[in-house]
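# Inside the fold
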Amino acid sequence: MKAHLIVCRDPNILNAESARRLHGLASEAIQAGNRFTIALSGGSTPARLYSLLAEPDFGLPWESVHLFWGDERCVPPDHAESNYRMADEALISRLAVPAGNVHRMRGELRPDEGARAYDELLAAFFSSPWPRFDLVLLGIGEDGHTASLFPGSSALREASSAVAATYVERLASHRLTLTPPAINNADNVVFLVSGESKAAILREVIEGEHKPFQLPAQLVRPDRGQLTFIIDLAAARMMHTRSDAGAAVVELDLELGGE
Ligand code: 6PG
């Protein structure tokens, strides 16, 4: 499967390039008279990007943007671990995003109830059992997880629901996550990967053996949409796909294993 690889010289350039590309996708959808639907990633990498999106000169008509989440920890929305709270502090609280455009996963519910509630929310919003996000943002953990799709999890094989509840032994954490079919139904999926600590796993995910149940990020193969990795040089350090270290941004094509 073909994918785009965008290698940015440093994290600041990665965030600026990600914001620029997100702005382009959103503007295209909105100018065509459509709303723009984005599933936000959790974790620490995207926080700076979200802050950039909240800058006044970023200038998106937020009334046409609908925010969703790719995964959530099963905690209340004001909990330090909440992905919603991170996005609220970095983005939502700083913008006039209409409350009706913010569709958080309800981590405060019992996990199975939270998963069912979000599945129902998505089905109602998209008028389909499968959401078709304009954009899904994802990160990659050092164990190859993405969203809250962790190695060995039963959620990796979920094929009938868009949302699953999962328990992560290693983190002693209940999570809600979009399932692979829900992610792969998106028009655009973008991995944001930054830093030396991700260099080894990124090489495995992109250049290594195709073993998606051990490396769940490899399950991300959009059915028809565009898959893009936006990474910085530190994260690219162990990849054979080298880029010109001098350039601020280098765009390459990738051929990924798997279907
Ligand atoms: C989460 C994320 C998770 C994250 C990766 C990378 O809820 O934590 O959805 O999949 O994207 O763990 O996290 P960092 O950006 O913090 O490295």
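Before going into details, it helps to say that this report is about the structure given with it. (Residues numbered from 1 in each chain as written. Predicted model: local features only at pLDDT ≥ 70, side-chain atom pairs only at ≥ 80, totals over all residues. Heavy atoms only, no water.)

## A closer look at the pattern of salt bridges
- Enumeration according to the criterion identifies 16 salt bridges in this entry.
- The partner of Glu17 in a salt bridge is Arg20, and the shortest N-O contact between them spans 2.7 Å. A residue pair is termed a helical-turn pair when its members lie 3 or 4 positions apart in one helix, as Glu17 and Arg20 do in helix α1 (residues 11-31) at 3 residues.
- Between Arg237 and Glu196 there is a salt bridge, with the nearest N and O atoms lying 2.3 Å from each other. Remark: Glu196 occurs in the loop between β8 (188-193) and α6 (199-207) and Arg237 occurs in the loop between α7 (233-236) and β10 (249-255); sequence separation between them is 41 residues.
- What makes Arg237 partly exposed here is its relative accessible area of 44%.
- Assessed through its relative accessible area of 45%, Glu196 is described here as partly exposed.
- Each member of the salt-bridge network shares a partner with another, and the members are Glu17, Arg20, Arg21 and Glu251. (Salt bridge = Lys/Arg side-chain N within 4 Å of Asp/Glu carboxyl O. Helix = DSSP H or I, 4+ residues; strand = E, 2+ residues; numbered from the N terminus. Buried < 20%, exposed > 50% of the residue type's maximum accessible area, 1.4 Å probe, protein only.)

## Remarks on α1
- Spanning 21 residues, α1 covers 30 Å between terminal C-alpha atoms, matching the ideal 30 Å at 1.5 Å per step.
- Of all the positions in α1, only Ile13, Leu14, Asn15, Glu17, Ser18, Ala19, Leu22, Ala26, Ser27, Ala29 and Ile30 are classed as buried.
- The N-cap residue of α1 is Asp10: its side-chain oxygen and the backbone nitrogen of Asn12 are 2.9 Å apart.
- Just beyond α1, the residue with positive phi is Gly33, at close to 85 degrees. (Expected span 1.5 Å × (residues − 1). Polar contact = N/O pair within 3.5 Å; in protein donor to acceptor, adjacent residues only side chain to side chain.)

## A closer look at the site of the ligand
- Close contacts around the ligand come from 16 residues, with Thr45, Asp71, Arg73, Ala147 and Lys198 the closest.
- Between His145 and the ligand, the recorded distance is 2.7 Å, taken from a side-chain N or O atom to an oxygen atom.
- Taking 420 Å² as the accessible area of the ligand by itself, protein coverage stands at 87%.
- Looking at the shell around the ligand, its residues break down into 2 nonpolar, 10 polar and 4 charged. (Near = heavy atom within 4 Å. Areas by Shrake-Rupley, 256 points an atom, 1.4 Å probe, with all protein chains shown as cover. Nonpolar A, V, L, I, M, F, W, Y, C, P; charged D, E, K, R; others polar.)

## Focus: the sheet that holds strand β4 (residues 71-73)
- If you walk across this open sheet you meet the 3 strands as β4-β7-β6, and the pairing is antiparallel. Looking at which strands have only one partner, the edges of the open sheet turn out to be β4 and β6 (163-168). Neighbour-to-neighbour, the strand axes of this sheet turn through a mean angle of 20 degrees, independent of strand direction.
- The sheet contact formed by β6 and strand β7 (residues 173-178) spans 6 bridges and is antiparallel. (Pairing = 2+ DSSP bridges. Axes fitted to C-alpha atoms, helices over the stretch in contact; angles between N-to-C directions.)

## Brief notes about the packing of aromatic side chains
- Scanning the entire structure with this criterion turns up 8 aromatic pairs.
- Aromatic side chains Phe125 and Phe126 sit 5.0 Å apart centroid to centroid with 65 degrees between the ring planes, which places their arrangement in the edge-to-face category.
- Exposure remark for Phe126: the relative accessible area of 15% places this residue in the buried category.
- Members of the aromatic cluster, connected to one another through ring pairs, are Phe68, Phe125, Phe126 and Phe133.
- The lysine or arginine in question, Arg104, covers the ring of Tyr84, its NZ or CZ lying 5.7 Å from the ring centre.
- Sitting over the ring of Phe213, Arg157 keeps its end group 3.8 Å from the ring centre. (Phe/Tyr/Trp six-rings, centres within 6.5 Å; stacked < 30°, edge-to-face > 60°. Lys NZ or Arg CZ within 6 Å of the ring centre and 35° of its normal.)

## Details of the environment of Asp134
- As for its position among the elements, Asp134 is in the loop between α4 (111-126) and β5 (135-138).
- As a C-alpha pair, Asp134 and Ser64 span 70 residues in sequence and 12 Å in three-dimensional space.
- In this view, Asp134 contacts Arg35, Phe36, Thr37, Asp187 and Asn188; residues no more than four positions away in its chain are not counted.
- Within the structure, the side chain of Asp134 is placed 2.7 Å from the backbone nitrogen of Thr37, a separation counted as a polar contact. (Contact = heavy atoms within 4.5 Å.)

## Some points on the sheet that holds strand β9 (residues 226-232)
- Here 7 strands make up an open sheet; going across it, the order is β3-β2-β5-β8-β9-β1-β10 and the pairing mixed. A single partner strand is all that each edge strand has here, and the edge strands are β3 (65-69) and β10. Pairs of neighbouring strands in the sheet enclose a mean axial angle of 20 degrees, with direction left out of account.
- Summarising the sheet, strand β2 (residues 36-40) and β3 pair through 5 bridges and their orientation is parallel. Looking at β3, one finds that Ala39 is bridged to Phe68.

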